[in-house]
Amino acid sequence: MSQIRLAAPLRRQHILESALQIFSERGFHDTSMNDIADAVGVTKPVIYQHFGSKRELYSALIETVGNEMIETVTSATRDATDGKTQTQRGFQAYFHWVTTHQDGFRLLFGGAARHDDEFSAQIRLITSEIAGAVGSMIMADVDSEEQALIAHAIIGLAEGASRRLIENNLKFDADAVASVMSALAWAGLRALTPTTS
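Just so you know, these numbers come straight off a predicted model, no measurement behind them. (Residues numbered from 1 in each chain as written. Predicted model: local features only at pLDDT ≥ 70, side-chain atom pairs only at ≥ 80, totals over all residues. Heavy atoms only, no water.)

Trainee: Before we move on, can you summarise the overall build of the chain with the specific residues and values?
Mentor: On a plain count of helices and strands, the chain comes out with ten helices and zero strands. Projected onto its principal axes, the C-alpha positions of the chain cover 65 × 35 × 30 Å. As displayed, the chain has an accessible area near 10700 Å², and 52% of this comes from carbon and sulfur atoms. Of the charged side chains in the chain, 17 are positive and 24 negative; the average position of the first set lies 5 Å away from that of the second. (Helix = DSSP H or I, 4+ residues; strand = E, 2+ residues; numbered from the N terminus. Areas by Shrake-Rupley, 256 points an atom, 1.4 Å probe, with all protein chains shown as cover. Lys, Arg positive; Asp, Glu negative; His and termini not counted. Charge placed at Lys NZ, Arg CZ, Asp CG, Glu CD.)

Trainee: How would you sum up the packing of aromatic side chains? Please name residues and give values.
Mentor: Going through the model one piece at a time under the given rule, you end up with eight aromatic pairs. A centroid spacing of 6.0 Å and a plane angle of 25 degrees characterise the contact between Phe 23 and Phe 28, whose relative ring orientation is stacked. For Phe 23, a relative accessible area of 2% puts it in the buried group. Among the residues examined, Phe 28 registers a relative accessible area of 5% and is labelled buried. Where Tyr 58 meets Phe 119, the ring centres are 4.6 Å apart and the plane angle is 45 degrees; that geometry is what we call tilted. Highlighted residues: Tyr 58 in helix 4 (residues 54–77) and Phe 119 in helix 8 (residues 117–137), separated in sequence by 61 residues. Each of the two residues, Tyr 58 as well as Phe 119, counts as buried. Within the aromatic cluster, the residues linked to one another by ring pairs are Phe 23, Phe 28, Tyr 58 and Phe 119. Cation over ring: Lys 54 sits above Phe 28, and NZ or CZ is 4.4 Å from the ring centre. Geometry around Phe 119 places Arg 55 over its ring, the cationic atom sitting 4.5 Å from the centre. (Phe/Tyr/Trp six-rings, centres within 6.5 Å; stacked < 30°, edge-to-face > 60°. Buried < 20%, exposed > 50% of the residue type's maximum accessible area, 1.4 Å probe, protein only. Lys NZ or Arg CZ within 6 Å of the ring centre and 35° of its normal.)

Trainee: Tell me what's going on with helix 5 (residues 83–100), and back it up with residues and numbers.
Mentor: Under the 1.5 Å per step criterion, the end-to-end length of helix 5 is 26 Å for 18 residues, consistent within 8% with the ideal 26 Å. Listing the buried residues of helix 5 in full gives Gly 83, Gln 86, Thr 87, Gly 90, Phe 91, Ala 93, Tyr 94, Phe 95, Trp 97 and Val 98. Buried residues belonging to helix 5 abut helix 4, helix 6 (102–109), helix 8, helix 9 (144–167) and helix 10 (174–192). (Expected span 1.5 Å × (residues − 1). Contact = heavy atoms within 4.5 Å.)

Trainee: Can you lay out helix 1 (residues 8–26) for me, pointing to particular residues and giving the numbers?
Mentor: Given a rise of 1.5 Å per residue, 19 residues ought to cover 27 Å, and the 26 Å separating the end C-alpha atoms of helix 1 matches this to within 8%. Residues of helix 1 that are buried include every one of Arg 11, Ile 15, Leu 16, Ser 18, Ala 19, Leu 20, Ile 22, Phe 23 and Ser 24, and no others. Next to the buried residues of helix 1 lie helix 2 (33–40), helix 3 (44–50), helix 4 and helix 6.

Trainee: Give me the nonpolar core: which residues, what numbers.
Mentor: Counting 58 residues, the largest nonpolar core has Phe 23, Ile 36, Leu 57, Ile 62, Phe 95 and Leu 108 as its most contacted members. No other element matches helix 4, which puts nine residues into this core. (Core = buried A, V, L, I, M, F, W, Y, C linked by side-chain atoms within 4.5 Å.)

Trainee: Talk me through the pattern of salt bridges; I want residue IDs and the actual numbers.
Mentor: Overall, the coordinates contain seven salt bridges when judged by the stated rule. Taking the shortest distance from any N to any O, the salt bridge between Arg 26 and Asp 35 comes out at 3.0 Å. By relative accessible area, Arg 26 is classed as partly exposed at 42%. Residue Asp 35 is classed as partly exposed on the basis of its relative accessible area of 22%. (Salt bridge = Lys/Arg side-chain N within 4 Å of Asp/Glu carboxyl O.)

Trainee: Can you explain the packing of helix 5 against helix 9? Please cite residues and give values.
Mentor: Two numbers describe how helix 5 lies on helix 9: the axes approach to 11 Å, and their chain directions differ by 30 degrees. Regarding the angle of helix 5 to helix 9, the classification is roughly parallel. As for how helix 5 packs across helix 9, the hand of that crossing is right-handed. Of the residues in helix 9, those in contact with Phe 91, Tyr 94, Phe 95 and Val 98 of helix 5 are Ile 154, Leu 157, Ala 158, Glu 159, Ala 161, Ser 162 and Ile 166. Grouping the constituent residues of the contact of helix 5 with helix 9 by class yields nine nonpolar, one polar and one charged. (Axes fitted to C-alpha atoms, helices over the stretch in contact; angles between N-to-C directions. Parallel < 35°, antiparallel > 145°, perpendicular 65-115°, else oblique. Left-handed = near helix turned anticlockwise from the far one by under 90°. Nonpolar A, V, L, I, M, F, W, Y, C, P; charged D, E, K, R; others polar.)

Trainee: For the environment of Val 40, give the residues involved together with the corresponding values.
Mentor: Along the chain, the position of Val 40 falls in helix 2. Taking relative accessible area as the criterion, Val 40 reaches 6% and is therefore assigned buried. Distance in space between the C-alpha atoms of Val 40 and Leu 16 is 9.2 Å, their sequence separation being 24 residues. Not counting residues within four places of it along the chain, the set of residues in contact with Val 40 comprises Arg 11, His 14, Ile 15, Ser 18 and Ile 47.

Structure (C-alpha cells):
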C-alpha cells in the first residue's frame, strides 16, 4: 500500500497524534513502537527518524500536550480585566480543553506518567507553569508562598473534577461544569481578602 509522503514537521505531528491515542488507551508499557508505526501507517524506522526511543516520543507528547493546555488557559484569560472574569474564563477554557482532549488529559494525569520518575518530573514542571499562571491572577493580599499554595489548590480542584468525569465516562457540559467550579474557586478567592474585587 502506497503512503502519502509528508514533510518532516507534518510527519512528526502525525506520529504524535497517533501515539497519543494509543498511549492514552494502552499506557506507556503496553504500547510498542510497532503499535505506533502501524497506527501511523509507516515502518518503525520512520518513527525512529523523528524520535530516538519510545521514552523520547512519550516525553515529547507530555511537553506538547502540556504546552497546548497551558496556552489554551492563558490565552483565554489574557484580556480579562478582573479576577472574577479571569477565573471564569480560565475554568471554561480548561474544561473545554478536557472535553476535546481527553486522550491528552489521560496522558498528563493518568497513572503511567505519574509512576515514572522522568515523566512525573515533566508533569510537575507543567503543573508549576500552570500554577505560576494561575498565581499571577490571584489578586489577594497574600505572600508568594501562599499564592502558590492557593494556585495549586485551584489546579487540584479542576484536575479532580476532570478525573472523575473522564474515569467514569460521564457525559458533561464543559460550560456547566466550568460555571460550578469557577464559582466555587471565586467564592474562596474572594473570601481571602477584600482586595480580590
